[in-house]
Each structure stands twice: as structure tokens, then as C-alpha cells.
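What follows is the residue order along each chain.
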2 protein chains.
Amino acid sequence: MRHFDVEMNDLKSRLMEMCGLVQEMIKITIDGLVKRDQKLIDSVFLLENEVNIHEIVIDDKCLKLVALNQPVGIDLRFITSAMKINSDLERMGDEAVNISEKAVDLIKYPELKPLIDIPKMSDIVQQMVADSIKAFNGNDVELAQTVLAKDDEVDDLKGKVISDLKGFMVKLSDSEMIQTAVDLMFIAKSIERIGDHAVNISEDVIFMVRGKDIRHPKTNRAE
Amino acid sequence: MRHFDVEMNDLKSRLMEMCGLVQEMIKITIDGLVKRDQKLIDSVFLLENEVNIHEIVIDDKCLKLVALNQPVGIDLRFITSAMKINSDLERMGDEAVNISEKAVDLIKYPELKPLIDIPKMSDIVQQMVADSIKAFNGNDVELAQTVLAKDDEVDDLKGKVISDLKGFMVKLSDSEMIQTAVDLMFIAKSIERIGDHAVNISEDVIFMVRGKDIRHPKTNRAE
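In this text, all values refer to a predicted model and were calculated from it rather than measured experimentally.

Okay, the packing of helix α1 (residues 3–35) of chain B against helix α3 (residues 73–106) of chain B next. Residue and element names in this part refer to chain B. For the pair α1 and α3, the least separation of the axes is 9 Å and the interaxial angle reads 15 degrees. On the basis of their axis angle, the class for α1 and α3 is roughly parallel. The handedness of the crossing between α1 and α3 is left-handed. Within the contact of α1 with α3, the residues separate by chemical class into 22 nonpolar, four polar and three charged.

Here you go:
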């Protein structure tokens, strides 16, 4: 096996590791919210540091791979895609942290019913994250496309969560409950955004494999 | 002047153009919201397409620059940074579109007082966007650092906007007004996120110039 191939495989496994950490952050933060478990929520902040270290190491590895091997074609696209995917993964981790920061406050207040759909959103999005990286490592365009297909489902669920919460707000005049509803809205928004990052990764995969850019208009209305 | 330098300058000017478009999108969408001008808001959707075309062209240019010139050191970091900055700019454009989509609904309803701080947020963030790209093109670490410094100011303003809106919500039991308050919260969030992208760009600039990674812990709590 060429040294370059060994290095490329190492890059793949590092991205997989980082992806595993990010998936864990998402899972833990939502579990912590559902179980109202402060310890669980706090553990997300520790994982964040690991993810940040991975990001820097992977970026550095990509730069060295290009500088020392001067790849072209799909190898070059793989490495530049890896750099983008790296930053998408890191930003997913940031969103998990954003959720945890809200969850820490949320669990101090009484529960609101509309939490119910948030774990459901989270489950779909965790699958999107896993599949997008699997697609990257396997040059699997079909799998990448299934991630793109799930985007609308997540957007719809988010819309439902937010309109449920608005419905509650109309009835609520208690400021603590308003606070809770607002926090939950931003959590739904963060989960949706994690899904958007998985979509970005999947589009990079399709570009990498086909060498043809399929971005836009698919993602540019993501909200 | 070497052909490579000519190409690098062309890349810089394309990024400047794209940045100009994105700044225009942000300015127009907030002006449209303030003036409650549907035509102005709609024009953002047209600019979005131009931004998307720029993104694809710039990415392609970066790949060709690496493949054909096999740059190393700061030249390589410049090009890989340009790819990241390209996607940050495009995502800023997406946020401007997100704001416009909300603004289209918002102007149908009576105005809420807390709009006042949103244009202020937007002004600061537009400056951050401009400075981050100026810093990139001039390898200007000091300017990049001023962008980082503005991040907290924007976060604080966003916090103020959202708590003002929560205060309103407690008093509001009218569902249209709740809708308005919620939309404004997400707009504040989008503006903040545009600032976060400017921070990402500025960190890339500092990395590019110094070859040393300064990411984390600065941005990873951005929310």
C-alpha cells in the first residue's frame, strides 16, 4: 500500500472518530434534556474539547497531504472535501453545545409537552450525520442522496415543534414558561441546523465522487 | 507577474465581489424589514442566486489552483482558507435569505418595538463581514482580531433583543404578536450567526498568516 493511501485511510478514520464524538454529543445532549440529567448535559462540554482537537489535527493533516503529495482529481477533491466536512462536524458539535447550554437552564423549569417531537427530530438528524460520513468514506452517492432526502422531513418536524410552542405561548403568561418555550424553539433550530450540516457533507460527497457540483438550489433555502 | 499570482489576485477579487453581494443581501434584507418594503425584501432572493454561482466558481478555481500549481506554505493555506471563506460567505447569504423569508411575513403584521436593536446588530455585523474579507485579502491579522473582538458585542445585543421579546411575549396573548416576536427572535439569531461566520473567516486569516491555529476556545461557545 502506498504511503499516500495509508495517510488517506488515516484521514478517513480520524473523520470517523470525530463524527462518532459529534454523534455522541448530540445523543447525550438530547438524552440529558429528556432525562433532565445535569451530569449528562455537562459531559457534552468535555466532548466538545475532543472534537476541537480533532478539527485542528485533521485540518493540519489535510494541508500536509496536499503539500507533500500534490494530489489531483478525486484525491484532491477528497482532501478538500475532508476539510469542509471537518468544519461541518465541528459546527455540529457547536450546535450540540448550544443545545446543552439551553438544556442546563431548561431542566430547572417545569416540562413543556412539545418536547416530545424534539427527540424524534434528534433521532433522524443523528442518522443523517452517521450516513453522511459513511457516504463520504465509501464514496457512496446513493447514501448521500438519502441524507438529502431527509432534510425536508426535519424541516417539517421543526416547523411543527415551533408552531406547537407558539400555540403554548399564546396561552402562557408566565415568564418562566415563555422562557422554556423560547429555549425549546432554539433547540429545535439547532437540531435542524445539525441536519443542514449533514446535508452539506452529503453534497460534498456527491461533488467529490462525480466531480460535478450539485449544490443549489437544494440547500440555500435551508431554514 | 507570474501566472500563478495573476490567478491568486483573480481569486481575491472574486471573493471580494462575493463578499460585496453578501453584504448587500444583509443590508437589503434589514432595510426591507425596517421600511416594510416587500420589493426590497424580494430582491434578496435574486442576489442569492448570484452568490451561489460565485461559490461554485470560486471553489472550482481553488481546486484548479492547487492541482495546476501545487502550492505550499502560505499559498496553499491561502487557497484552502479561500475555500472555507467561500462557504462561510455562502452561508451568510443563506442567513440573509432566512431573514428575508421571515421579513416577508413580518411586514404583514403590526410592528413590535424591539425591532430597534436588530438594525444596530445588523450594522455591526455588516462591518464584521467587510473587515473579515479585507483582513483576508490584506493578510491583516490586526484587522482580523478586531472582528473577533466584536463577537461578544453582537452576542450581548442578541441576548438583549431576545429578552426584550420575551418580555413582550409575557404580555401578549394575541397569536399574531407571538408570531411576530418569534420571527424577530430568529432574525436576531440569524444576524448573530452571520457574525459568527465573519469570526470564522477572521480566524482562518490569522491561521493563514501565522500558520498557527488560533481556533478554540474562542468560537466554540458562539450562541
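As enumerated under the stated definition, the model contains 32 salt bridges over all chains in all. The closest approach of N and O atoms between B:Lys160 and B:Asp164, which form a salt bridge, is 3.5 Å. Here the residue B:Lys160 and the residue B:Asp164 both occupy positions in helix α5 (residues 141–171), the gap between them amounting to four residues, near one helical turn. Residues joined by salt bridges that share partners form a network here, namely A:Glu7, A:Asp10, A:Arg14 and A:Lys61.

The next point concerns the interface of chain A and chain B. Opposite the 49 residues of chain A that make contact, chain B presents 49 residues. Summing both partners gives a buried area of about 4500 Å² for chain A against chain B, and 57% of it is carried by carbon and sulfur. Across the chain A-chain B interface, the total number found is six salt bridges. Here A:Arg193 ties to B:Glu95 by a salt bridge, and the two come within 2.7 Å at their closest N and O atoms. Put simply, chain A and chain B have eight residue pairs in polar contact (both at pLDDT 80 or more) between them. When residues of the side of chain A that touches chain B are traced back to their parent elements, those giving at least two are α2 (38–69), α3 (73–106), α5 (141–171) and α6 (175–210) of chain A.

Glancing now at the environment of B:Val51. Residues and elements named next belong to chain B. The residue Val51 is located in helix α2 (residues 38–69) in this model. Its relative accessible area of 1% is what places Val51 among the buried residues. Excluding its chain neighbours within four sequence positions, the residues that come into contact with Val51 are Met18, Leu21, Val22, Met25 and Glu90.

All right, on to the packing of aromatic side chains then. Scanning all chains against the criterion turns up three aromatic pairs over all chains. Where A:Phe78 meets A:Phe136, the ring centres are 4.5 Å apart and the plane angle is 15 degrees; that geometry is what we call stacked. Separated by 58 residues along the polypeptide, A:Phe78 in helix α3 and A:Phe136 in helix α4 (residues 117–137) bring together distant segments of the chain. Looking at A:Phe78, the relative accessible area reads 5%, which means it is buried. One residue, A:Lys158, lies across the ring of B:Phe186, its end atom 5.8 Å from the ring centre.

Calculation rules
- For every chain, the first residue of its written sequence is number 1, and the numbers climb from 1 along that sequence.
- Here the convention is simple: chains get letters from A, ligands get numbers from 1, in the order in which they are written.
- Local features are withheld for residues below a pLDDT of 70 in this predicted model, meaning they are given only at 70 or higher, and side-chain atom pairs are given and counted only at 80 or more; totals for whole chains, interfaces and linings count all residues.
- Side-chain measures were taken over the full set of non-hydrogen atoms in the model, leaving aside hydrogen atoms and water.
- Note on geometry: axes are lines fitted to C-alpha atoms, helical ones only across the stretch in contact, with angles between N-to-C directions running from 0 to 180 degrees.
- Under the DSSP-based scheme used, a helix requires at least four consecutive residues in state H or I and a strand at least two consecutive residues in state E, with every element numbered from the N terminus.
- Our angle categories are set so that under 35 degrees counts as roughly parallel, over 145 as roughly antiparallel, 65 to 115 as roughly perpendicular, and the remainder as oblique.
- Definitions for this section: a left-handed crossing has its near helix turned counterclockwise from the far helix by less than a right angle. A right-handed crossing has that turn clockwise.
- Three categories are distinguished: nonpolar for Ala, Val, Leu, Ile, Met, Phe, Trp, Tyr, Cys and Pro, charged for Asp, Glu, Lys and Arg, and polar for the others, with Gly belonging to the last.
- Take a side-chain nitrogen of Lys or Arg and a carboxyl oxygen of Asp or Glu: if they are within 4 Å of each other, that pair is a salt bridge.
- For this analysis, residues touch if any pair of their heavy atoms sits within 4.5 Å.
- A 1.4 Å probe defines the accessible area here, and the buried area is the portion of it lost by two parts on being joined, summed over both.
- Polar contacts here mean pairs of N or O atoms no more than 3.5 Å apart (in protein, one a potential hydrogen donor and the other a potential acceptor; neighbouring residues in sequence count only if both atoms are side-chain atoms).
- Here the term buried applies to any residue with accessible area under 20% of the maximum for its type, exposed to any over 50%, and partly exposed to those in between, with areas from a 1.4 Å probe on protein chains only.
- Centres within 6.5 Å make a pair out of two Phe, Tyr or Trp rings, where for Trp the six-membered ring is used; the pair is then stacked when the planes are under 30 degrees apart, edge-to-face when over 60, and tilted otherwise.
- Criterion for a charge above a ring: Lys NZ or Arg CZ within 6 Å of the ring centre, and within 35 degrees of the ring normal.

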